[in-house]
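Listed below are the residues making up each chain.
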Amino acid sequence: MLPLEEIQRKKQTRYVLIFIIFAAMLVVIFLFSVALGSVQIRVMDVVKIVFQQEGLDFIQSSIVRDIRLPRALAAVVGGAALSMAGLLLQIYFQNPIVDPFVLGVSSGAALMVGIVTLTGTRFGITSQSTSVIFVAAMTGSMVVMAIITGVAAKVKNIIMLLVIGLMVGYLGGAVISILVTFAEKENIRNFVVWSMGSFAGFTWNRVTLLTLTTVPVLLAVFLVSKQLNALLMGERYAQSMGVQIKRIRLLVVVLSSLLTGMVTAYAGPVAFIGLAVPHMARLLFGTTDNRVLIPAVIVIGGMITAACDLLARLLFAPVELPISAVTSFIGAPIVIYLLTRRTSL
Amino acid sequence: MSIVTTSNLCVGYDKKTVVAQVNLQIRAGEVLGLLGPNGAGKTTILRTIAGLLPPVLGEVYIKGHPLSQLSEQVRARMMAVVLTDRSFQGQMTVFDILAMGRYPHTNMFGRLRRRDMQIITDAVETVSGSHLVERTFNELSDGEKQKVFLARALVQEPKLIVMDEPTAFLDIQHKVELMRILAKLRNEKGISVVLSLHEIDIAMKCSNTVMLVGDGRILGCGHPEDLVKEKEVHQLYHVSGATYDEIFCTLEEPDNGLQQVFVVGGAGKGTPIYRALRKRGVGICTGILQENDLDYRVAKSLGGTVCSELAYEDIRQETYEKAVGMVNRLPILVDSGFPIGRSNHLNLELIRHALRVGKTVFSLRERKLCQQLYGWGKLVSCVDIADMISHFPHGSIEKSINVANYN
């Protein structure tokens, strides 16, 4: 065996080991987030309920089945989707300090959802309609993404990009506050709860829709991992190695806005997950190889988001925090650290 | 057999032509150097050849096939590039970068088989960079990075490597090494190379054909030895003030300083003294040099006044008289420590004359030897050029010039 092969094989073994550890942690946190709460349920019972065993306490099993299980699942799938969107954007912009939230893609989705839910009843749209919100969020994230990529083609400076993302966020906020001023009280309450970000509102309907749309997108991302790797060397090198650059660019933009839109539709804007998780994955696995990072980001993203959701519920129980309050405490320091460490932006 | 041909190609960005009428041909195992000042459009030509930029007009043919009709994969198996982009986000290792070179050869997930590993191992050995494989790319020096890029290009197993300014940012050691590797690629593997350079000497030394790119057009194309003459260099770089030496491939800025010193040179001993004086703004007057002497060329290109003898001729009496005239006009004479032979022994006589008429004489020979050769007089024996310069206080030189001028 060649020395290089030996080194690579050792690395692969390490990747698999770390992956197994985090997958196990994901399962544990998932079980805990179903078990813990105002009604404590034993982990063994949770497992039994999940596997549909009869003869258990009716109240407990309905709490698990109807409330906590969809919520925990949504946090895992949503977290994985947001983290993947972050990874894609970081590759696309050749920059570690971007994610859907920072770039204002989430704000775009929030704005569209705001428009629909705050004014919708006047046009006869029931504001809580699952598919309407879904389409609105998707449209919003796509539009902002198109603007950002258009600007990025001209402006290469990343600080500019971040500032533009912030401004898009403020603009969206301004439009929303105008809408809120004139909206009906009931709609405002729903919207405000949604806009602070939470996985609380997930019904089985929504979780199913989220999962059915997220999983194919994640698979699609994995299928282009080789192209994404080539993009790490910059577009010119990628092109010289045979990457069809226009196609992959379009794909990355579409896939990342799909992932962001889908999560934001029901969970609201969730801060910094998309930024922090890819970094954690790179640090923990010690590689930039997307064939390793993509599964890693899915597992770590799911785990971290589920953990943050659990913390949001438990820290000041029975009062529940918005999830962004928890994720910001992880994400914002990472952004500051990265900004100060980078000398050339 | 030519790998690349273009005819009437116009290259540029967004329909704006940067360089028009590019007609080139690169044969197998040939190195084509694009030479020209920064911003002349060399990079634009290279990007167009590499298929990274669509031509404004015309077409690039790779082995006779139009580049625009080749699939990305076929193109990538023919050509690899070394660009000027030098840092990437993240902590990619050298191995990661090298492995990318297999991109057009591997399956959908880029799985590396034994053959791929063998190719990577060989490529990194070719550039003598095996010790770098496990390092983080961003931590390497510019020279090491350039090696890695070249190895990555080799891993792609191309017929042609396109290199943009490969010698920029490199120190001399890495420049020499790069030229050695290029020669190896060409001679052992038959790989063709097209590269852009702005240093004339490197272009002359490593390319089979040189294309001069300046002012938005091709100023010439041909064998570097035939093509690159003083006129072309002036035209290319707009440095009509400087003199270009076609033998040494060097550019020198001639001085217009006051002539204060007569240097007795020979066999290259004068050159370092000319350069040192030139930097201090002191004009050069030198002799007696045969026209085949190294010092003769340098002194001429520095704009000095040279009292010379025909090549391979003994110094004749009339030439000696001319030199004496020059020495008499100047306050200082420097003996460079030239080798003494049958054809130039009159130079010794010249130094003795300077001492006789009371000029200040600096010699780079040992004191004892000076006494033997010249006897006594106003002679300062110096150990090196710095020592000599330190004996030249600025004020006193000027004063003595004034005196000399009044005489």
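The preceding data block contains the structure.
Residues numbered from 1 in each chain as written. Chains lettered and ligands numbered in written order. Predicted model: local features only at pLDDT ≥ 70, side-chain atom pairs only at ≥ 80, totals over all residues. Heavy atoms only, no water.

Section: helix α3 (residues 58-92) of chain A
Residue and element names in this part refer to chain A.
Here is step 1 of the chain: The end-to-end C-alpha separation of α3 is 49 Å, in line with the 51 Å expected for 35 residues at 1.5 Å each.
Here is step 2 of the chain: Of all the bends in α3, the largest measures some 40 degrees and sits at Arg68, one to four residues before the proline Pro70.
Here is step 3 of the chain: Of all 35 residues in α3, 27 are buried, a share of seventy percent or more.
Here is step 4 of the chain: Gln94 lies just past α3 and shows a positive phi near 55 degrees. (Helix = DSSP H or I, 4+ residues; strand = E, 2+ residues; numbered from the N terminus. Expected span 1.5 Å × (residues − 1). Bend = angle between axes of the 7 residues up to and from the residue. Buried < 20%, exposed > 50% of the residue type's maximum accessible area, 1.4 Å probe, protein only.)

What to know about the layout of surface pockets
Here is step 1 of the chain: Quantified by volume, the second largest pocket comes out at close to 950 Å³.
Here is step 2 of the chain: Lining the second largest pocket we find 40 residues, and of these Gln8, Gln12, Asp289 and Arg291 of chain A together with Leu112 of chain B sit closest to its centre.
Here is step 3 of the chain: Secondary structure elements with two or more residues in the lining of the second largest pocket: α1 (3-35), α9 (225-231) and α13 (290-314) of chain A together with α3 (94-100) and α4 (114-126) of chain B.
Here is step 4 of the chain: Among the elements that make up the lining of the second largest pocket, the one with the highest residue count is α1 of chain A (nine residues).
Here is step 5 of the chain: Taken together, the residues of the lining of the second largest pocket sort by class into 17 nonpolar, eleven polar and twelve charged. (1 Å grid on protein atoms, 1.4 Å probe; cavity = no way out; pocket = protein on both sides within 12 Å on 5 of 7 lines; lining within 4 Å. Points joined across faces, edges and corners; volume = space filled by probe spheres on them. Nonpolar A, V, L, I, M, F, W, Y, C, P; charged D, E, K, R; others polar.)

Re the packing of aromatic side chains
Residues and elements named next belong to chain A.
Here is step 1 of the chain: Applying the stated criterion across every chain, the model contains ten aromatic pairs over all chains.
Here is step 2 of the chain: Ring centres of Tyr92 and Phe93 lie 4.9 Å apart, and the angle between their planes is 75 degrees; on these two criteria the pair is classed as edge-to-face. Note on accessibility: Tyr92 and Phe93 belong to one class, buried.
Here is step 3 of the chain: Between Phe101 and Phe272, the ring centres sit 5.8 Å apart and the planes meet at 55 degrees, which makes this aromatic pair tilted. In this pair, Phe101 is assigned in the loop between α3 and α4 (105-119) and Phe272 in the loop between α11 (245-267) and α12 (273-285), connecting sequence segments 171 residues apart. (Phe/Tyr/Trp six-rings, centres within 6.5 Å; stacked < 30°, edge-to-face > 60°.)

What about the interface of chain A and chain B?
Here is step 1 of the chain: Facing the 31 residues of chain A at the interface are 40 residues of chain B.
Here is step 2 of the chain: Carbon and sulfur atoms supply 59% of the area that chain A and chain B bury against each other, a total of about 3,300 Å² over both sides.
Here is step 3 of the chain: On the chain A side of the contact with chain B, Lys226, Arg236 and Tyr237 of chain A bury the most area, a combined 23% of that side's loss.
Here is step 4 of the chain: Applying the counting criterion to the chain A and chain B interface returns one salt bridge.
Here is step 5 of the chain: With a closest N to O distance of 3.0 Å, Arg114 of chain B and Glu5 of chain A form a salt bridge.
Here is step 6 of the chain: For the pair chain A and chain B, the interface holds ten residue pairs in polar contact (both at pLDDT 80 or more). (Contact = heavy atoms within 4.5 Å. Buried area = accessible area lost by both parts, 1.4 Å probe. Salt bridge = Lys/Arg side-chain N within 4 Å of Asp/Glu carboxyl O. Polar contact = N/O pair within 3.5 Å; in protein donor to acceptor, adjacent residues only side chain to side chain.)

Concerning the pairing of strand β7 (residues 79-82) of chain B
Residue and element names in this part refer to chain B.
Here is step 1 of the chain: Burial along β7 is two-sided: the residues Met79 and Val81 and Ala80 and Val82 are all buried.
Here is step 2 of the chain: Sheet analysis places β7 next to strand β8 (residues 160-163), joined by four bridges and oriented parallel. Note that in β8 the partner of Met79 across the bridge is Leu160. (Pairing = 2+ DSSP bridges.)

Focus on the sheet that holds strand β10 (residues 209-214) of chain B
All names here are of chain B.
Here is step 1 of the chain: Strand order in the open sheet formed by six strands is β7-β8-β9-β4-β10-β11, and the pairing between neighbours is mixed. Lying at the two open borders of the sheet, with one neighbouring strand each, are β7 and β11 (217-222). Pairs of neighbouring strands in the sheet enclose a mean axial angle of 15 degrees, with direction left out of account.
Here is step 2 of the chain: Sheet topology places strand β4 (residues 31-35) next to strand β9 (residues 192-197); five bridges connect them, and they run parallel. What sits directly across from Val31, in β9, is Val193.
Here is step 3 of the chain: Across the face of the sheet, helix α5 (residues 142-155) comes into contact with β7 and β8 while running at roughly 170 degrees to β7.
Here is step 4 of the chain: Sheet contacts for helix α6 (residues 172-189): β4, β8 and β9; angle to β8, the most-contacted strand, approximately 160 degrees. (Axes fitted to C-alpha atoms, helices over the stretch in contact; angles between N-to-C directions.)

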